[in-house]
Amino acid sequence: MDIAHQRLHNQLIEKSPHAMAAEVVGSMVAMQAQDYLGALWAIGLRTRAATERGVEQAVAERRIVRTWPLRGTLHFVAAEDVRWLLELATPRVIEHNRRRLRDEYGVDDKLVARARRVCEKVLSGGRHLTRDQLYAAFDSSRIPTDGQRGLHLLWWLAQQGLVCFGAREGKQQTFVLLDEWLPASRRLSRDAALAELARRYFTRRGPATLQDFTWWSGLAPADASAALEAVTSGLECETFARHRFWFAPQASGKTRARVPRIHLLPAYDEYAVAYCDRSAVLCREYAIRADAGN
């Protein structure tokens, strides 16, 4: 089984049918985006005839959104997927970090509630504010933002679904109220959301193992197992090096590259970071470096 090549194909790197950035992001479910320009590149290389301006236009048109939906890490997500992803994945992340944020930064539920009221006040009416402008609003309400407190407050509020990133103003990122920025979108039951996440993960990132999916999604192991179980009837499975790899039927290994090609990937591209075990695509010494950088 040629895992590396099948992933190139399934992740839309070798060839993509999509001409629109929003189609790519929707197909991929979520694309890691803590490096903003790198994320634009990652979307663009999977989009036919893409330009940086075209990808950013999808942000400005509110077709894709940058926020913290998985593992507490920034991703681009299609607008229609933001809310159900947040509802499914972020409560566990917040709970996992609650004590650390309280003990190390003094950020707790009471402080977050106060920050929430400030954001609702200063962002309502469709206003966009930069991080520094929001920090100033917090500080004027005696909510400390020094020592990374401000960032952790915004991180928490974004995972609660209050704020997300809006369009850039010059070189500055802005924040907006999520419910004002995006129209109403579908909600999924928890079981349906688990199945949807697993189906789309293994379709676009397969061949992959359950352990890969568990790491990437940030779900509890039991939830990740239930999610995979819900969609196994629509997937194929092969055992390689004593591990079970799952993938969509069209990714059964029949695709072969016609000629050698070089693909220039940005930092944190899903091709490298969407797996717990990255040895299929990275030499060991480079896989260690990628692990250190998430």
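Given the structure is predicted, the values throughout are model-derived calculations rather than measurements. (Residues numbered from 1 in each chain as written. Predicted model: local features only at pLDDT ≥ 70, side-chain atom pairs only at ≥ 80, totals over all residues. Heavy atoms only, no water.)

## Here we look at the sheet that holds strand S2 (residues 64–70)
Neighbouring strands of a sheet are bound in pairs by backbone hydrogen bonds; such pairs are parallel or else antiparallel. Put simply, the test is: Only strands that DSSP links by at least two bridges are regarded as paired with each other. Only DSSP runs of H or I with at least four residues qualify as helices, and only runs of E with at least two residues qualify as strands; both kinds are numbered from the N terminus onward. Under this scheme, a helix contributes an axis fitted over its contacting stretch, all axes are lines through C-alpha atoms, and angles between N-to-C directions fall in the 0 to 180 degree range.
A sheet is described by the order of its strands in space; here three strands give the open sequence S1-S3-S2, paired in antiparallel fashion. Edge strands, defined here as strands with exactly one partner in the open sheet, are strand S1 (30–32) and S2. Neighbour-to-neighbour, the strand axes of this sheet turn through a mean angle of 40°, independent of strand direction. Judged from the five bridges that link them, S2 and strand S3 (residues 73–78) form a sheet pairing that is antiparallel. Of the residues in S3, the one forming a bridge with Val65 is Val77.

## Here's the deal with the packing of aromatic side chains
We apply this condition: Stacked, tilted and edge-to-face pairs are distinguished by plane angle, under 30 degrees for stacked and over 60 for edge-to-face with tilted covering the rest, among Phe, Tyr and Trp rings (Trp via its six-membered ring) whose centres lie within 6.5 Å. The classification of residues rests on relative accessible area computed with a 1.4 Å probe and restricted to protein chains. Under 20% of the type maximum is buried, over 50% is exposed, and intermediate values are partly exposed. Criterion for a charge above a ring: Lys NZ or Arg CZ within 6 Å of the ring centre, and within 35 degrees of the ring normal.
Per the counting criterion, the structure on display carries eight aromatic pairs. Ring centres of Tyr201 and Phe213 lie 5.2 Å apart, and the angle between their planes is 50°; this geometry places the pair in the tilted category. In this pair, Tyr201 sits in helix H10 (residues 190–205) while Phe213 sits in helix H11 (residues 210–217), placing the two residues 12 residues apart along the sequence. For the residue pair Tyr201 and Phe213, the accessibility class agrees, reading buried in each case. Seen in terms of ring centroids, Phe240 and Phe245 are 6.4 Å apart; in terms of plane orientation they differ by 65°. Their pairing is edge-to-face. The class for Phe240 is partly exposed, based on a relative accessible area of 39%. Here the aromatic cluster, defined as three or more aromatic residues joined through ring pairs, consists of Tyr201, Phe202, Phe213 and Trp216. The cationic tip of Arg66 hangs over the ring face of Phe165; the distance from NZ or CZ to the ring centre is 4.7 Å. Across the ring face of Trp215, the terminal group of Arg278 is positioned such that the distance to the ring centre comes to 5.0 Å.

## Points about the pairing of strand S8 (residues 243–247)
Where strand S7 (residues 236–240) meets S8, five bridges bridge the pair, whose relative direction is antiparallel. Bridging across to S8, Phe240 finds its partner in His243. Hairpin connection between S7 and S8: a loop of two residues separates the two successive antiparallel strands, and Ala241 in this loop has a positive phi of roughly 50°.

## Notes on the packing of helix H5 (residues 82–105) against H10
To be explicit about the condition: For this classification, under 35 degrees means roughly parallel, over 145 means roughly antiparallel, 65 to 115 means roughly perpendicular, and everything else is oblique. Any two residues having at least one pair of non-hydrogen atoms within 4.5 Å are treated as being in contact. Charged residues are taken to be Asp, Glu, Lys and Arg, nonpolar residues to be Ala, Val, Leu, Ile, Met, Phe, Trp, Tyr, Cys and Pro, and polar residues to be all remaining types, Gly included.
Viewed as axis vectors pointing N to C, H5 and H10 meet at an angle of 105°, and their least axial separation amounts to 10 Å. By the criterion of interaxial angle, the relationship of H5 to H10 is roughly perpendicular. Together, Trp84, Leu85 and Leu88 of H5 and Arg190, Ala193, Leu194, Glu196, Leu197 and Arg200 of H10 make up the contact between the two elements. Split by residue class, the contact of H5 with H10 holds six nonpolar, no polar and three charged.

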